[in-house]
Amino acid sequence: MPKIYIASPIFEENQRKLIERYVKQLRLRKDTEVDVPMEHKIENAWEMSNNEWGRRVFEEDIRALDWCDTVIVFYYGLMSDSGTAWEQGYAYAKGKDVYVLWVGDDDRTSIMVVNGQHYIPGK
């Protein structure tokens with residue numbers, strides 16, 4: 001059963017909505033498991049310092065990246081998101097299948113993103 005991790009910026013409403021629509025479709029498939037970082041819940045998060053909370057988020061994302069066999073990256077162009085780029089690089093270094101979905105309007109790109117993936121449709 002494929003285990004997919006979704007890597008994407010989640011700072012804007014349109015980014016979160018796109019992920020929600022995409023993940024909903026993936027989850028209709030009964031033969032696929034999907035991990036979405038924006039769904040991760042850090043227990044007692046409001047009681048933690050920002051540094052402690054950040055460490056817990058980082059550790060949870062590492063756990064999920066280690067668990068998956070495929071990473072789908074929502075890419076918004078050259079200045080997309082440093083966290084998403086880090087997730088992509090980590091997954092690529094670990095030998096995961098990495099697929100980049102170019103969803104932004106910015107046609108500029110990073111050579112690191114283009115070369116650290118297996119498939120980039122539409123561009």
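Within each chain, residue numbers correspond to sequence positions counted from 1 in written order. Per-residue local features of the predicted model are confined to residues with pLDDT of at least 70, and side-chain atom pairs are confined, for both listing and counting, to 80 or more; whole-chain, interface and lining totals are unaffected and use all residues. The basis for every side-chain value is the complete set of heavy atoms in the structure, and neither hydrogens nor water enter the calculation.

Trainee: Tell me what's going on with the nonpolar core, and back it up with residues and numbers.
Mentor: Among buried residues, those of type Ala, Val, Leu, Ile, Met, Phe, Trp, Tyr and Cys that are joined through side-chain atoms within 4.5 Å constitute a nonpolar core. For every residue, the accessible area obtained with a 1.4 Å probe (protein chains only) is divided by the maximum for its type, and the residue is called buried under 20%, exposed over 50%, and partly exposed between those limits. If you look at the biggest cluster of nonpolar residues, it comprises 15 residues, and the most contacted ones within it are Tyr5, Leu65, Val71, Val73 and Tyr75. Per the convention used, a helix needs a DSSP run of H or I reaching at least four residues, while a strand needs a run of E reaching at least two, with both numbered from the N terminus. At the level of elements, strand E1 (3–7), helix H2 (50–67), strand E3 (70–75), helix H3 (82–93) and strand E4 (97–102) are the ones that each hand at least two residues to this core. Every residue pair with non-hydrogen atoms within 4.5 Å of one another is taken to be in contact. With sequence-adjacent residues up to four places away left out, Tyr5 is seen in contact with Asp35, Pro37, Asp61, Ala64, Leu65, Cys68, Thr70, Val71, Ile72 and Glu87. If you look at the next biggest cluster of nonpolar residues, it comprises 11 residues, including Ile19, Val36, Ile72 and Tyr76.

Trainee: Please provide a residue-by-residue account of the sheet that holds strand E2 (residues 33–35), values included.
Mentor: When DSSP locates at least two bridges between a pair of strands, those strands are taken to pair. Taken together, 4 strands build an open sheet; the order of strands is E2-E1-E3-E4 and the sheet is parallel. Every other strand in the sheet has two partners, leaving E2 and E4 as the edge strands with one partner each. The sheet shows a mean angle of 25° between the axes of neighbouring strands, direction not considered. Bridge analysis of E3 against E4 gives 6 bridges, and the strand direction is parallel. Its bridge partner being in E4, Val73 is matched across the sheet by Val100. Axis angles are defined between N-to-C directions and span 0 to 180 degrees, where every axis is a line fitted to C-alpha atoms and, for a helix, only to the segment in contact.

Trainee: Which residues make up the packing of H2 against H3, and what values do they have?
Mentor: Interhelical geometry of H2 versus H3 gives an angle of 40° and a closest axis separation of 10 Å. Overall, the two elements H2 and H3 adopt an arrangement that is oblique. The hand of the H2/H3 crossing is right-handed. Across from Phe58, Asp61, Ile62, Leu65 and Asp66 in H2, the residues of H3 making contact are Trp86, Glu87, Tyr90 and Ala91. Put simply, Ala, Val, Leu, Ile, Met, Phe, Trp, Tyr, Cys and Pro go in the nonpolar bin, Asp, Glu, Lys and Arg in the charged bin, and everything else, Gly too, in the polar bin. Its residues placed into classes, the contact of H2 with H3 shows 6 nonpolar, no polar and 3 charged. Here the angle decides the label: under 35 degrees means roughly parallel, over 145 means roughly antiparallel, 65 to 115 means roughly perpendicular, and every other value means oblique. Here is the rule for handedness: rotate from the far helix to the near one, and if that takes an anticlockwise turn smaller than a right angle the crossing is left-handed, while a clockwise turn gives right-handed.

Trainee: Help me get a handle on the environment of Glu87, residues and values and all.
Mentor: Along the chain, the position of Glu87 falls in helix H3. With relative accessibility at 8%, the residue Glu87 sits in the buried group.

Trainee: Could you give me a rundown of unusual backbone geometry, with the residues and numbers involved?
Mentor: Backbone geometry at Asn44 places phi at a positive 60°, although glycine is not the residue there. Of note, Asn44 is situated in the loop between E2 and H2. For Asn44, a relative accessible area of 44% puts it in the partly exposed group.

Trainee: Would you mind going over the packing of aromatic side chains in detail, with residue names and values included?
Mentor: Note on aromatic contacts: the rings of Phe and Tyr and the six-membered ring of Trp form a pair at centre separations within 6.5 Å, being stacked when their planes are under 30 degrees apart, edge-to-face when over 60 apart, and tilted otherwise. In this structure the tally under the stated criterion is 4 aromatic pairs. Here the aromatic rings of Phe58 and Trp86 are separated by 5.4 Å at their centres, their planes lie at 55°, and the arrangement is tilted. One end of the pair, Phe58, is in helix H2; the other, Trp86, is in helix H3, with 28 residues separating them in the sequence. The class of Trp86 is partly exposed, set by a relative accessible area of 39%. When the ring of Trp86 is compared with that of Tyr90, the centres are 5.2 Å apart and the planes differ by 15°; the resulting orientation is stacked. One end of the pair is Trp86 and the other is Tyr90, both in helix H3 and 4 residues apart, which spans about a single turn. Through a chain of ring-to-ring contacts, three or more aromatic side chains come together here, namely Phe58, Trp86 and Tyr90.

Trainee: Help me get a handle on the pattern of salt bridges, residues and values and all.
Mentor: What counts as a salt bridge is simple: a side-chain nitrogen of Lys or Arg found within 4 Å of a carboxyl oxygen of Asp or Glu. The final tally for this structure, using the stated rule, is 9 salt bridges. One salt bridge connects Arg16 with Glu13, and the closest N-O pair in it is separated by 2.9 Å. Here Arg16 and its partner Glu13 are both found in helix H1 (residues 13–28), 3 residues apart, which amounts to about one turn of the helix. A salt bridge links Lys94 to Asp66, with the nearest nitrogen and oxygen atoms 4.0 Å apart. Here Lys94 is found in the loop between H3 and E4, whereas its partner Asp66 is found in helix H2, with 28 residues between them in sequence. A relative accessible area of 36% places Asp66 in the partly exposed class. Where salt bridges share partners, they join Glu13, Arg16, Lys17 and Glu20 into one cluster.

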